[in-house]
Amino acid sequence: MSVKAVALGLSLFVGGCAAPPPVAAESSGSIAPSLAAACAGRDGWSDPAPPARIIGNLYYVGTCGITSLLVTSRQGHVLIDGGPPDAAPLIAANIRRLGFNPRDVRYLLNSHEHLDHAGGLAALKQLSGAKLVARAEARSVLESGKVDPRDPQAGAIPGMPGVAVDRVIADGETVRLGPIALTAHATPGHTDGGTSWSWRVCEAGRCSTVTFVDSLTPVSADGYRFTDHPERVAPFRATFDRVARLDCDILITPHPSASNLFPRLAGRAPLVDRGGCAAYAQAARKRLDDRLASEAAR
């Protein structure tokens, strides 16, 4: 599959410990359906979308085509993914619309080091003063803004504004902020630095594990053959196995459509599905197998 084809294609508790600040925007009951309606037929990386409360202290603040998540607490907030550069002001505006201050964001996290998910991090870091946390494998690309020449999409995707990484995190380590605790899971394949995140969110006495799983698609520049690069295929297969085993009540993905997020927020499908990560991994495994078979047939 080519890059061009994909581009076209509160009481609440956090970890059972503390209540987040009150929300000044619309209630989740009205705002989630408006998100689904606003993005109907629109999935551009920078198509503006209203914010939505997903559950507890977790909010969607991204665009119609790119997920950005805000995890809030009285001690400050965590923002996961920054979208492309021109989405950064949209994300900041959504944070404000929810009644929060972007300058209260203390940490920025990332799924993987591509323009559409990391391109807005530099601007959001400058605006918020937050510290960027990333795995070592993503650091050089994030800081230089240059696409890794070994990336299957090299030559087909542009670079992005570079942004300094303040803390390097290892697989299984946790980012903590007050009652928030997000664990990093190394899930390379789509990129070397691919990172998934999991944490507990509680609402009305019931707690769920939210798992933000990175993109698992074997996307490449035209002419690239994964069959010629077993060193790129092996991490994918290991990641599929790992994702399938993750504790996973609520699956969210960097592209909301990949986890059917908007219909789920609108109540048209279950938000909680403990089989979500396993199904996501299985679908990704099939895509890779189909890609390899297609290459072998040519």
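Coordinates for the structure precede this section.
What this report covers is the structure whose coordinates are included nearby. None of these values were measured; they are calculated from a predicted model. Every chain is numbered independently, its residues counted from 1 as its sequence is written. For this predicted model, a pLDDT threshold of at least 70 governs which residues receive local features, and a threshold of 80 or more governs which side-chain atom pairs are given and counted, while totals over whole chains, interfaces and linings are taken from all residues. Calculation of side-chain values draws on the structure's entire complement of heavy atoms; hydrogens and water are dropped beforehand.

Time to look at the state of the cysteines. Any covalent bond linking the sulfur atoms of two cysteines counts as a disulfide. By definition, disulfides here are pairs of cysteine sulfur atoms that lie within 2.5 Å. Enumeration according to the criterion identifies 3 disulfides in this entry. A sulfur-sulfur separation of 1.9 Å characterises the disulfide bridge that pairs Cys-202 with Cys-207. One disulfide, between Cys-202 and Cys-207, carries an S-S torsion of 105 degrees and so falls in the right-handed class. Relative accessibility thresholds used throughout: buried, under 20% of the residue-type maximum; exposed, over 50%; partly exposed, between the two (1.4 Å probe, protein chains only). With a relative accessible area of 2%, Cys-202 lands in the buried category. For the protein, the bonded cysteines pair up as 1-2, 3-4, 5-6 when numbered in the order they occur along the sequence.

This paragraph deals with unusual backbone geometry. Phi is positive for Asp-81, close to 75 degrees, though the residue is something other than glycine. Helix and strand assignments come from DSSP, with helices taken as H or I runs of at least 4 residues and strands as E runs of at least 2, each series counted from the N terminus. With respect to the helices, strands and loops of the structure, Asp-81 is situated in the loop between strand 5 (77–80) and helix 3 (88–97). For Asp-81, a relative accessible area of 0% puts it in the buried group.

Glancing now at the layout of surface pockets. Each pocket or cavity is described by its volume, and for the second largest pocket that value is around 180 Å³. Lining the second largest pocket, in full, are Leu-251, Ala-258, Ser-259, Asn-260, Arg-264, Ala-269, Pro-270, Asp-273, Gly-275, Gly-276, Ala-279 and Tyr-280. If you tally residues by element for the lining of the second largest pocket, the top one is helix 9 (residues 276–296), at 3 residues. Residues are grouped as follows: Ala, Val, Leu, Ile, Met, Phe, Trp, Tyr, Cys and Pro are nonpolar; Asp, Glu, Lys and Arg are charged; every other residue, Gly included, is polar. Within the lining of the second largest pocket, the residues separate by chemical class into 6 nonpolar, 4 polar and 2 charged. Each cavity reported here is a set of points on a 1 Å grid over the protein atoms alone in which a 1.4 Å probe fits but cannot get out, each pocket an open set with protein on both sides within 12 Å along at least five of seven lines, and each lining residue one with an atom within 4 Å of a point. Grid points are joined across faces, edges and corners, and a volume is the space filled by probe spheres set on the points.

Now for the pairing of strand 10 (residues 180–186). Within strand 10, 6 of the 7 residues are buried, which leaves the element mostly enclosed by the surrounding structure. Pairing between two strands is assigned when DSSP locates at least 2 bridges connecting them. As paired strands, strand 9 (residues 174–177) and strand 10 are joined by 4 bridges and run antiparallel to one another. Within strand 10, the position partnered with Arg-176 by the bridge is Ala-181. Where strand 9 folds back on strand 10, the antiparallel hairpin that results is connected by 2 residues, among which Gly-178 adopts a positive phi of roughly 55 degrees. Where strand 10 and strand 11 (residues 195–203) come together, 4 bridges link them in antiparallel fashion. Its bridge partner being in strand 11, Ala-186 is matched across the sheet by Thr-195.

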